[in-house]
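Coordinate analysis (summary)
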Amino acid sequence: MTIRFDGVNDYLSSTGYGGSLFSIGSNFTISTWISPTALTAGIQYICSRGQATNFFNYEIYFQGSNISMAFDNGPINLGTGIVKNNEWQNCVMTCAGSPGSTIFYYNGSLITNQSSRLLITTTNKQLLIGAQENGAAIGSFFNGQINDFRFYNTIKSAQYIKDYYNHTKRFY
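A few points about the sheet that holds strand β3 (residues 27–36)
Read across the open sheet, the six strands follow the order β1-β14-β3-β8-β9-β10; overall the sheet is antiparallel. The strands lining the two open edges of the sheet, one partner per strand, are β1 (3–6) and β10 (109–115). Averaged over all neighbouring strand pairs, the angle between strand axes comes to 25 degrees, with direction disregarded. Where β3 meets strand β8 (residues 89–96), eight bridges bridge the pair, whose relative direction is antiparallel. The residue of β8 that forms the bridge with T32 is C91.

Set out below in structure tokens:
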């Protein structure tokens with residue numbers, strides 16, 4: 001289902017599910033289709049969850065045409081100059097806690113494979129799609145459309161991600 005976000009105050013929330021539903025272990029995959037309608041200098045969040053000791057548990061965001069992911073221990077640049085305005089694009093991030101790698105796929109193709117030390121703490125904060133929680137405030141709203149947001153507690157293979165993209169791109 002496609003959700004349209006106005007970039008002003010629209011977002012989805014997992015409020016009421018407690019902390020365990022979207023808690024992640026050391027291995028996970030997040031996948032979604034996005035179509036931003038305004039690439040601006042401001043940060044726009046695809047998803048974020050929790051805040052622990054001044055860092056976020058995990059978040060995926062873009063600023064202009066650059067996309068990043070951040071964990072409790074800081075941000076990882078996933079791709080520079082790749083996010084397109086008014087165009088559907090599939091973004092998939094896989095993360096392995098051991099040996100410590102973050103892999104980003106864009107439209108079914110590998111963009112970056114980075115070594116990283118994942119530090120993810122337990123939190124009872126909500127998962128937000130299309131925004132970021134910063135203390136008591138919610139902001140950095142996504143402007144555009146998000147569809148088929150998926151969260152896996154496993155690492156999806158490169159072949160799975162490529163097959164998924166090739167199978168679903170015809171719908172966009």
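Let's talk about the packing of aromatic side chains
Taken as a whole, this structure holds nine aromatic pairs when the rule is applied. Between the aromatic rings of F5 and F142, the centroid separation amounts to 5.9 Å while the plane-to-plane angle is 90 degrees, which identifies the pairing as edge-to-face. Of this pair, F5 sits in strand β1 while F142 sits in the loop between β13 (137–139) and β14 (143–152), and the two are 137 residues apart along the sequence. Judged by relative accessible area, which is 5%, F5 ranks as buried. Members of the aromatic cluster, each reached through a chain of ring pairs, are W33, W88, Y165 and Y172. Between K156 and the ring centre of Y160, over which it is positioned, the NZ or CZ distance is 4.7 Å.

Rules used in this analysis
- Residues numbered from 1 in each chain as written.
- Predicted model: local features only at pLDDT ≥ 70, side-chain atom pairs only at ≥ 80, totals over all residues.
- Heavy atoms only, no water.
- Pairing = 2+ DSSP bridges.
- Helix = DSSP H or I, 4+ residues; strand = E, 2+ residues; numbered from the N terminus.
- Axes fitted to C-alpha atoms, helices over the stretch in contact; angles between N-to-C directions.
- Phe/Tyr/Trp six-rings, centres within 6.5 Å; stacked < 30°, edge-to-face > 60°.
- Buried < 20%, exposed > 50% of the residue type's maximum accessible area, 1.4 Å probe, protein only.
- Lys NZ or Arg CZ within 6 Å of the ring centre and 35° of its normal.

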